[in-house]
Amino acid sequence: MIGKAFKLSAFSRGTFWPIFFEIRTTLPCFQCSSFSSSRKCGGNDSKNKPERKKKGGGSDSKKTHSKDVCGGGGKPNKDKSSEGKLKGEIYTKGTSINKECKKDYKLGISEDCGRLGSSKYGGRKLTSADICATVGQRSCPGSKPTKDDKVIKGKKGWWSDVEMGPPDAILGLTEAFNRSKDDRKVNVGVGAYRDDNGEPYVFSCIREAEKRLLAKALNKEYIPIVGTVEFCKLCVELALGEGSPPIKNGNYCAAQALSGTGALRIGAEVIQRLSNGNKEIFFPTPTWGNHARVFTHAGLKINKYRHYDEKTNSFDYDGSLQDIEKIPESSVVLFHACAHNPTGVDPPQKQWESLSKLVKQKNLLSFFDMAYQGFATGDFNNDAFAPRQFVKDGNQIMLAQSFAKNLGLYGERVGCFSIVTSSKEEAESLLSQIKIIIRGMYSSPPIHGQRLVAEVLKDPELRCIWECELGAISSRIIKIRKDLRQKLEALGSKKDWKHITDQIGMFCFTGLTEEQAVRLTKEFEIYLTKNGRISMAGVTSKNVDYIAKCMHEVTK
Ligand code: PLA
């Protein structure tokens, strides 16, 4: 089957990407999640079926069904893009797999899968409500859970007390944006770069690296638990500078991570399990919304210090010094290495120098979240000033790097976690323990994205292209900041919008109240976080007038 799909798509189109799509989408029957071309979906072959549908159990099956079946409520699935792709990419190419599913998919419910797979229903056709009830999907439209779904032999079902969680404050916005059918809609919620046409951007250096990798026809073996030595070294060199003493002396350890969040999560676990210091971390206020979750999930206490002065829309230098001064010795302090999220306000270099001294003097452990290196000023070295200064002053920093934004590898999840240590021996012991932590979480990291990053970082030509691209990106953001401010002023806004151009990096902390932000979303279809943060990367020459007009409207 794979062979057939491969031939049809690769050779008729002369391009490779559909292959991935076809292989992924033809294999699983998405009713029963069985991965087979010869097995019919929902066949009675129970050995081949993933375990599911136990009353009150089987969380995985619940998820699969709730999404693919229940979501449609028995009506045709509305996801036109995937429907089109499924028809166009798979079935009209003459593949004979999962015919039942093809037919049923159009109905939004796999009747055959349901009928063959369940004797309980005596072969009658299932409705979506039947299936939803069977898998205990309480919120499925049209499905009323029976008492049986909630109680197993006098006990509650495994998950029957689980309440619906709130949507994510940032990523939930993209979901809402995608659901909206309104032509006016603008997504300035998540910090993902868009070109001036509002399209996602894939770096040319990454496209080229991908071509080169494909030509090498490399294998897909597991890579080491902490990633390759080459990748980790390239990352730390990018952050700390090539000749930096910890790298020369081997006083650091590093591990590939699942992007920036994964790096922070490893760090949180390392502090919790291995540090001799306090299990308490201090964040700047405000900070990225996910920090609290990442660190509390690892069992750390969280606390805060001042970062942003709302009155002046700038870094609260005195406030942060006063607060950090009071932090108990041996605690952890988190810093945004550059392009602070959400405020776009960083300490100037002189103030970083004082902060570094204070942290050293108080014996605090600094953890740098470096999710935007190159995005603040367009220059990696400038943007790495703070961690480099801290290391220069003898601080043993921890570092979480992400390549989501600065190489556009959002979905590839490539990052690096590292620690500067006091000796090579300490680095080796730490790394051995980090391996144990990672092995217990996800075993080893993915191979593809890190290859792309290494390809770009080690090749002077690709690196040069990368630097040019980053320069162009940061210039576009700086220009669009000016445009937005000018438009607001031209509309006669009485508010001071100077901070739009003063702030740097991806975000603008507009100063809009929650009420104003919610109004922008509800009335004007502009999706931004409730704290008034706008991703400037989503503002373009085409939507800037509209955004300015609406911002003016809600702040009149
Ligand atoms: N740290 C900070 C300060 C961030 O802003 C983000 C991403 C991350 C870490 C994690 O990024 P990564 O795991 O994708 O590498 N913040 C985004 C996306 C861009 C998000 O919330 O996940 C944001 O819109 O704030």
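Conventions adopted
Residues numbered from 1 in each chain as written. Predicted model: local features only at pLDDT ≥ 70, side-chain atom pairs only at ≥ 80, totals over all residues. Heavy atoms only, no water. UniProt positions renumbered as here; feature names shortened; annotations may be inferred. Helix = DSSP H or I, 4+ residues; strand = E, 2+ residues; numbered from the N terminus. Buried < 20%, exposed > 50% of the residue type's maximum accessible area, 1.4 Å probe, protein only. Contact = heavy atoms within 4.5 Å. Salt bridge = Lys/Arg side-chain N within 4 Å of Asp/Glu carboxyl O. Patch = residues over 30% accessible without salt bridge, like charges linked within 9 Å, V, L, I, M, F, W, Y side chains within 5 Å. Areas by Shrake-Rupley, 256 points an atom, 1.4 Å probe, with all protein chains shown as cover. Near = heavy atom within 4 Å. Polar contact = N/O pair within 3.5 Å; in protein donor to acceptor, adjacent residues only side chain to side chain. Nonpolar A, V, L, I, M, F, W, Y, C, P; charged D, E, K, R; others polar. Arc of directions from axis to C-beta. Expected span 1.5 Å × (residues − 1). Phe/Tyr/Trp six-rings, centres within 6.5 Å; stacked < 30°, edge-to-face > 60°. Lys NZ or Arg CZ within 6 Å of the ring centre and 35° of its normal. Pairing = 2+ DSSP bridges. Axes fitted to C-alpha atoms, helices over the stretch in contact; angles between N-to-C directions. Parallel < 35°, antiparallel > 145°, perpendicular 65-115°, else oblique. Left-handed = near helix turned anticlockwise from the far one by under 90°.

- An unreviewed UniProt entry annotates the chain as Aspartate aminotransferase originating from Timema podura.
- Taken verbatim from the UniProt record of the chain, the Cofactor (unreviewed entry) comment is "pyridoxal 5'-phosphate".
- Taken from UniProt, the Subunit (unreviewed entry) comment for the chain reads in full: "Homodimer."

Details of the overall build of the chain
Reasoning step 1: Summing up its helical and strand segments, the chain has 24 helices and 15 strands in all.
Reasoning step 2: Across the 556 residues in the chain, those meeting the buried criterion constitute 50%.
Reasoning step 3: Once local pairs closer than 6 in sequence are excluded, the contacts in the chain between residues at least 24 apart make up 72%.

Overview of the pattern of salt bridges
Reasoning step 1: Counting across every chain of the model gives 22 salt bridges.
Reasoning step 2: The shortest N-O distance in the salt bridge between lysine 156 and aspartate 161 comes to 2.7 Å. Neither residue differs from the other here; lysine 156 and aspartate 161 are each classed as exposed.
Reasoning step 3: Each of Glu208, Arg212, Asp459 and Glu461 takes part in a single network of salt bridges with overlapping partners.

What about a nonpolar patch on the surface?
Reasoning step 1: A grouping of Trp158, Trp159 and Val162 is seen on the molecular surface, where their side chains present a nonpolar patch of about 370 Å² in accessible area.
Reasoning step 2: On the accessibility criterion, tryptophan 158 (64% relative accessible area) is exposed.

Brief notes about the site of the ligand
Reasoning step 1: Inspection of the region around the ligand gives 18 residues, with Ser259, Thr261, Asn341, Tyr372 and Ser402 positioned closest.
Reasoning step 2: Tyrosine 372 is positioned such that a nitrogen or oxygen atom in its side chain is 2.6 Å from an oxygen atom of the ligand.
Reasoning step 3: The contact in question runs from an oxygen atom of the ligand to an N or O atom on the side chain of serine 402, over 2.6 Å.
Reasoning step 4: The biggest single contributor to the shell around the ligand is helix α13 (residues 259-274), with 3 residues.
Reasoning step 5: Of the residues that constitute the shell around the ligand, the class distribution is 7 nonpolar, 7 polar and 4 charged.

Some details on helix α15 (residues 317-326)
Reasoning step 1: Within α15, the full set of buried residues consists of Gly319, Ser320, Asp323 and Ile324. The buried residues of α15 all sit within an arc of 120° when viewed along its axis, so they share a single face. Away from the buried face of α15 by more than 90 degrees, exposed residues Asp318 and Lys326 are located.
Reasoning step 2: In this fold, the buried residues of α15 make contact with β6 (301-306), β8 (314-315), β9 (332-336) and α16 (349-361).

Some points on helix α19 (residues 424-441)
Reasoning step 1: For α19, which comprises 18 residues, the first-to-last C-alpha distance of 26 Å matches the rise-based estimate of 26 Å (1.5 Å per residue) to within 8%.
Reasoning step 2: For α19, every residue scored as buried is listed here: Ala427, Leu430, Ile434, Ile437 and Ile438. Seen along its axis, α19 keeps its buried residues to an arc of 90°; they face one direction. In α19, the exposed positions angled more than 90 degrees off the buried face are occupied by Glu425, Ile436, Arg439 and Gly440.
Reasoning step 3: Directly after α19, the chain includes serine 443, whose backbone phi takes a positive value near 75°.

Focus on the packing of aromatic side chains
Reasoning step 1: If you walk through the whole model with that rule in mind, you get 19 aromatic pairs.
Reasoning step 2: With centroids separated by 5.7 Å and ring planes inclined at 85°, the aromatic side chains of phenylalanine 177 and tyrosine 527 adopt a geometry described as edge-to-face. One end of the pair, phenylalanine 177, is in helix α9 (residues 171-179); the other, tyrosine 527, is in strand β14 (residues 526-527), and 350 residues separate them in sequence.
Reasoning step 3: Taking the relative accessible area as the measure of exposure, tyrosine 527 reaches 7% and is therefore buried.
Reasoning step 4: Put simply, the rings of Tyr305, Phe335, Trp352, Phe368 and Phe390 pair up and form one aromatic cluster.
Reasoning step 5: One residue, lysine 495, lies across the ring of tryptophan 497, its end atom 5.5 Å from the ring centre.

Some remarks on the environment of isoleucine 504
Reasoning step 1: With respect to the helices, strands and loops of the structure, isoleucine 504 is situated in the loop between α22 (498-502) and β13 (507-509).
Reasoning step 2: Taking relative accessible area as the criterion, isoleucine 504 reaches 28% and is therefore assigned partly exposed.
Reasoning step 3: Measuring from C-alpha to C-alpha, the distance between isoleucine 504 and threonine 377 comes to 7.6 Å, with 127 residues separating the pair along the chain.
Reasoning step 4: Residue contacts for isoleucine 504: discarding those within four places in its chain leaves Ala339, Gly344, Asp346, Ala376 and Arg481.

Some remarks on the pairing of β6
Reasoning step 1: Sheet topology note: the strand β5 (residues 280-285)/β6 ladder contains 6 bridges and is parallel. What sits directly across from proline 284, in β6, is tyrosine 305.

So, the packing of helix α11 (residues 229-240) against helix α20 (residues 448-458)
Axes are the key here: two packed helices are described by the angle between their axes and the distance separating the axes.
Reasoning step 1: Put simply, α11 and α20 touch, their axes get as near as 10 Å, and they point 55° apart. When the axes of α11 and α20 are compared, the pair comes out oblique. Our pair here, α11 against α20, has a crossing hand that is left-handed. Contacts between α11 and α20 involve Glu230, Phe231, Leu234, Cys235 and Leu238 on the former and, on the latter, Gln450, Val453, Ala454, Leu457 and Lys458.

Observations concerning unusual backbone geometry
Reasoning step 1: At the junction of threonine 285 and proline 286, the peptide bond is cis and its omega measures out at -10° in the coordinates.
Reasoning step 2: Along the chain, proline 286 turns up in the loop between β5 and α14 (291-297).
Reasoning step 3: Of note, the amide linkage connecting asparagine 341 to proline 342 takes the cis form, showing an omega dihedral of 15°.
Reasoning step 4: If you trace the backbone, proline 342 turns up in the loop between β9 and α16.

A few points about the sheet that holds β6
Either a parallel or an antiparallel arrangement is found when strands of a sheet pair, and the pairing is made through backbone hydrogen bonds.
Reasoning step 1: Pairing is mixed across the open sheet formed by 7 strands, whose spatial order is β4-β12-β11-β10-β9-β5-β6. The outermost strands of the open sheet, each flanked by one partner alone, are β4 (252-258) and β6. Strand after strand, the sheet turns through a mean of 25° between neighbouring axes, direction not considered.
Reasoning step 2: As defined by bridge partners, strand β11 (residues 398-402) adjoins strand β12 (residues 414-420) across 5 bridges and the pair is classed as antiparallel. When the sheet's bridge partners are listed, serine 402 is paired in β12 with glycine 415.

Here's the deal with the packing of helix α23 (residues 514-524) against helix α24 (residues 544-555)
Reasoning step 1: Here α23 crosses α24 at 125°, and the two axes come no closer than 10 Å. With respect to their mutual orientation, α23 and α24 come out oblique. Crossing hand, α23 versus α24: right-handed. Across the interface between the two elements, Gln516, Arg519, Leu520 and Phe524 from α23 touch Tyr546, Cys550, Met551, Glu553, Val554 and Thr555 from α24.
Reasoning step 2: Per-class residue counts for the contact of α23 with α24 are 6 nonpolar, 2 polar and 2 charged.

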